[in-house]
Amino acid sequence: MIKQHVFVWDPTPSNSSAVYNYLVKKVNERDLGESIEVYRSTYIGLTSGTPIIRILPKNIIYTKFEQEDLGEIFESIVSDEVVDRFICEYDAKLAPVSERDKQSKQFKIVLRNVGYLDPESIEEYISRGGYKALEKAIFEMDPDRVIKEIKDSGLRGRGGGGFSTGLKWELTRKEPGAEKFVICNADEGDPGAYMDRAVLEGDPHTIVEGMAIGAYAVGCKEGFIYVRAEYPLAIERLEKAISDAKKYGLLGDNILGSEFSFNLELRWGAGAFVCGEETALMASIEGKRGNPKPRPPFPSQSGLWKKPSFINNVETWANIPPIVEKGSGWFSSIGVGRSKGTKVFAVTGKVKDPGLIEVPMGTTFREIVYDLCGGILDNKKFKAVQTGGPSGGVIPEKFIDMSVDYETLMSIGSMMGSGGLIVMDQSDCMVDVNKFYLQFSVDESCGKCAPCRIGGKQLLDLISKITDGKGDKKDIQKIKNISNAMQKASLCALGQTTPNPVLSAMHYFEEEYMEHISDKKCRTGKCSNLVQYMIIPEKCIGCTACALKCPVKCISGEKKKPHIIDQKFCIKCGECFNACKFNAIVRG
Amino acid sequence: MEKMKKGDLAEFKKNYKSPYKGEIIISMGTCGIAAGGDAVYKLFESEMKEKGLENVKLKKTGCLGMCFCEPNLIVKLDGMPDILYGNVDERLARLIMNEHLTKKRIINFNTIFMPTDDIGRKIFKD
């Protein structure tokens, strides 16, 4: 008989897991150690409030069972049978595709090879079916057919805007002129986002293959990958991928012996956030200062060196080979509404298991935060999630069951963005978070147009005023007016979207904003100018716990006698507040 | 290397066979390296040679996405389930070599289960 491996995951600390202990006891009682082995697992790919059992080699997952059901489950393992009613099956309606990973709500198209394949080995990529899509496109499809396939698939730009990729290709193809360019935007700069880096470092050949297919469809001979210099490993692996592909005849002149030739080069970005904007990026490739240009003319008409050009994000390019290989019908069966396929998210912030995940469009924030990332750290309460980085907005708790897709996010004042999700709990102050993002946008503004350069700074000053406790009710209207002007008059998306986080936070957390302005209070204690920590003498027993924790040693007092905080030196870090076990310290 | 022509890719894929009996795949994106994946890789590299474990391939890969337990690695051995170990330090690395690779015993400590299926293979299967 084949040995069965039983993995037990328990939300309670695993050395006291009743499920694990029961199964081990049973195995020992029946002396089945040779055929069944039980393991404690600290992570099993998905989480839940109740224990999970995963049995190999059959790969069965049981959830939602009670302690008294364990006997039945154990017997089924011994007799090599399956208990249907505990089998964990995730909602199949979102992705009725056989490849879907039924065990973890994830569905990997973009990240299909990342973490499994050696990114420096082209042999391994080919052995996993790599470059097959390129071969199929060149020899079995004409360029119009490739474009039609991409258009029908419903793939939309993954950089944040959500423009139809197929349409973009078609517009560029229709432009007259023999020389056209294809560009990959790998200038990922949102705080907390690292999806593109993972793809570039983990599967560089996918990008090369995707771009070659795009070049074939639109009719380009040359392409550029604009990658930021802060990703040295990505650059190293991309360079190796390009030179390997050339050696194998998969890039360069007469690809795979056909008439089609395509050359790919790397361009390094020097770290300016605005260079992720398409017109600024093209200026940067040309060797000019990375400033955006007004549109029209659009890049598809006059882009790089005034030639028709089209640009897609890393994640979009990684979607191309599977679509060409499997067809548009396969791709458009994944996702909801007008948002097809999957989206990669970099989940950071106050979650237990932060990481990189790929889910079908239409998954809810609750599934992402609680089922895939283990819930909020220290079991605190969920407050909001920031999507789209400095151009997006906050999503408050009331929308946690909302589906994640382009339209829904737009309708609640946020945006898909490139895919950074920052999860916040009750200890995060929304005004403070806004100040952080504004500071980022102000630093990164290129300074070319006045609404962004001046408006951003004015917004930052107003928000700083509020966090300093000098806010006025009139400031709210001022913020709205400036935001409105910036959204309408800025030259590029950087300026147009700078006010987004502030506007959405003011809308959903108005109460918290007003508290800062009228009561001069910050409920979380993050805005240090609005906070004062005090010791209530009646409650203080003089345990010295706070005095020991204080980093500036401004708490004094005799042992077993009430202590006192010297406000002059207090830096308002809140350490004493957290250290006190007697509720003797108040935040006011 | 001769340049490939039409049909060569399928031929290459068909004939591509790994001479190894198993693989150790270490997540080494920038994040994994920063968390100490590089040191783990070097340890495996030198120790496996010493212990004569040359039928197991040591391989680098990109970021698996499991930031909360880096550095992490997957052990794939013929006839055994794929196991992912997280928070791999020197002690765990040695345990993996002495127990998992040599005696084929999964370490019942820090066993993080392989989170997802290898979908990449399924998408492009013939």
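Cut-offs and rules
Residues numbered from 1 in each chain as written. Chains lettered and ligands numbered in written order. Predicted model: local features only at pLDDT ≥ 70, side-chain atom pairs only at ≥ 80, totals over all residues. Heavy atoms only, no water. Helix = DSSP H or I, 4+ residues; strand = E, 2+ residues; numbered from the N terminus. Rg over C-alpha atoms; globule rule 2.2 N^0.38 Å. Buried < 20%, exposed > 50% of the residue type's maximum accessible area, 1.4 Å probe, protein only. Contact = heavy atoms within 4.5 Å. Areas by Shrake-Rupley, 256 points an atom, 1.4 Å probe, with all protein chains shown as cover. Lys, Arg positive; Asp, Glu negative; His and termini not counted. Charge placed at Lys NZ, Arg CZ, Asp CG, Glu CD. Core = buried A, V, L, I, M, F, W, Y, C linked by side-chain atoms within 4.5 Å. Domains from an automatic or database assignment. Patch = residues over 30% accessible without salt bridge, like charges linked within 9 Å, V, L, I, M, F, W, Y side chains within 5 Å. Salt bridge = Lys/Arg side-chain N within 4 Å of Asp/Glu carboxyl O. Axes fitted to C-alpha atoms, helices over the stretch in contact; angles between N-to-C directions. Parallel < 35°, antiparallel > 145°, perpendicular 65-115°, else oblique. Left-handed = near helix turned anticlockwise from the far one by under 90°. Nonpolar A, V, L, I, M, F, W, Y, C, P; charged D, E, K, R; others polar. Pairing = 2+ DSSP bridges. Phe/Tyr/Trp six-rings, centres within 6.5 Å; stacked < 30°, edge-to-face > 60°. Lys NZ or Arg CZ within 6 Å of the ring centre and 35° of its normal.

Trainee: Residues and numbers for the overall build of chain A, please.
Mentor: Along the backbone of chain A there are 22 helices and 19 strands. Its C-alpha atoms give chain A a radius of gyration of 28 Å, near enough to 25 Å, the size a compact globule of 588 residues would have. Counting every position in chain A, which comprises 588 residues, the buried fraction comes to 60%. Residue pairs at least 24 apart in sequence account for 69% of intrachain contacts in chain A once pairs closer than 6 positions are excluded. When the accessible surface of chain A is summed, it comes to about 23,300 Å², and 52% of that surface belongs to carbon and sulfur atoms. If you average the places of the 77 positive and of the 77 negative side-chain charges in chain A, the two averages end up 7 Å apart.

Trainee: Now, about the nonpolar core: what can you tell me, with residues and values included?
Mentor: Counting 76 residues, the largest nonpolar core has Tyr-131, Val-146, Trp-169, Ile-207, Ile-225 and Phe-262 of chain A as the members making the most contacts within it. Per-domain counts for this core show at least three residues from each of domain 2 (122-330) and domain 3 (336-425) of chain A. Non-local contacts of Tyr-131 of chain A, meaning those with residues more than four positions away in its chain, are made with Ile-122, Tyr-125, Ile-126, His-205, Val-208, Glu-209, Ala-245 and Leu-250 of chain A together with Leu-9 of chain B. Within the second largest apolar cluster, 52 residues are counted, among which are Phe-399, Val-431, Leu-460 and Cys-522 of chain A.

Trainee: An account of a nonpolar patch on the surface is requested, with residue identities and associated values reported.
Mentor: There is a patch of nonpolar side chains on the surface, built from Phe-163, Leu-167 and Leu-171 of chain A and spanning about 240 Å² of accessible area. Looking at where Leu-167 of chain A falls in the secondary structure, it is placed in helix 6 (residues 165-174).

Trainee: For the side chain of Ser-76 of chain A, give the residues involved together with the corresponding values.
Mentor: If you trace the backbone, Ser-76 of chain A turns up in helix 2 (residues 70-78). Other than its neighbours up to four places away in sequence, Ser-76 of chain A contacts Tyr-62, Glu-81 and Val-83 of chain A.

Trainee: Before we move on, can you summarise the packing of helix 15 (residues 430-444) of chain A against helix 16 (residues 450-467) of chain A with the specific residues and values?
Mentor: Packed helices, taken two at a time, are described by the angle their axes make and the gap between the axes. Residues and elements named next belong to chain A. Running from N to C, helix 15 and helix 16 point in directions that differ by 155°, and their axes come no closer than 9 Å. With respect to helix 16, the axis of helix 15 lies roughly antiparallel. As helix 15 packs across helix 16, the resulting crossing turns out to be left-handed. Residues Val-431, Lys-435, Leu-438, Gln-439 and Val-442 of helix 15 touch helix 16, and the partners they reach there are Gly-456, Lys-457, Leu-459, Leu-460, Ile-463, Ser-464, Ile-466 and Thr-467. Residues of the contact of helix 15 with helix 16, tallied by class, amount to seven nonpolar, four polar and two charged.

Trainee: Summarise the sheet that holds strand 3 (residues 73-77) of chain B; cite the residues concerned and give the values.
Mentor: With respect to topology, nine strands assemble into an open sheet ordered 4(A)-3(A)-1(A)-2(A)-5(B)-4(B)-3(B)-1(B)-2(B), the strand pairing being mixed. Both outer strands of the open sheet, strand 4 (60-62) of chain A together with strand 2 (56-61) of chain B, are each paired with one neighbouring strand and no more. Sheet twist, expressed as the mean angle between neighbouring strand axes with direction ignored, is 35°. Docked against the sheet, helix 2 of chain A engages strand 1 (4-9), strand 2 (36-43), strand 3 (52-56) and strand 4 of chain A, running at close to 10° with respect to strand 3 of chain A.

Trainee: Which residues make up the packing of aromatic side chains, and what values go with them?
Mentor: All names here are of chain A. Under the counting rule described, the total for this entry stands at 18 aromatic pairs over all chains. The rings of Trp-169, Phe-310 and Trp-317 are connected pair by pair, giving a single aromatic cluster. The lysine or arginine in question, Arg-587, covers the ring of Phe-577, its NZ or CZ lying 4.5 Å from the ring centre.

Trainee: How would you explain the interface of chain A and chain B if you had to name every residue and give the values?
Mentor: Interfaces are often sized by the accessible area lost when the parts come together. Between chain A and chain B, the residue contacts involve 65 residues of the former and 50 residues of the latter. Where chain A meets chain B, there are two salt bridges. Between Glu-124 of chain A and Lys-57 of chain B there is a salt bridge; the shortest N-O distance is 3.4 Å. For the side of chain A that touches chain B, the leading source of residues is strand 2 of chain A, giving six residues. Broken down by class, the residue content of the side of chain A that touches chain B amounts to 26 nonpolar, 17 polar and 22 charged. Here two bridges tie strand 2 of chain A to strand 5 (residues 111-113) of chain B, and the two strands are oriented parallel to one another. Following the sheet pairing, Tyr-43 of chain A is matched in strand 5 of chain B by Ile-112 of chain B.

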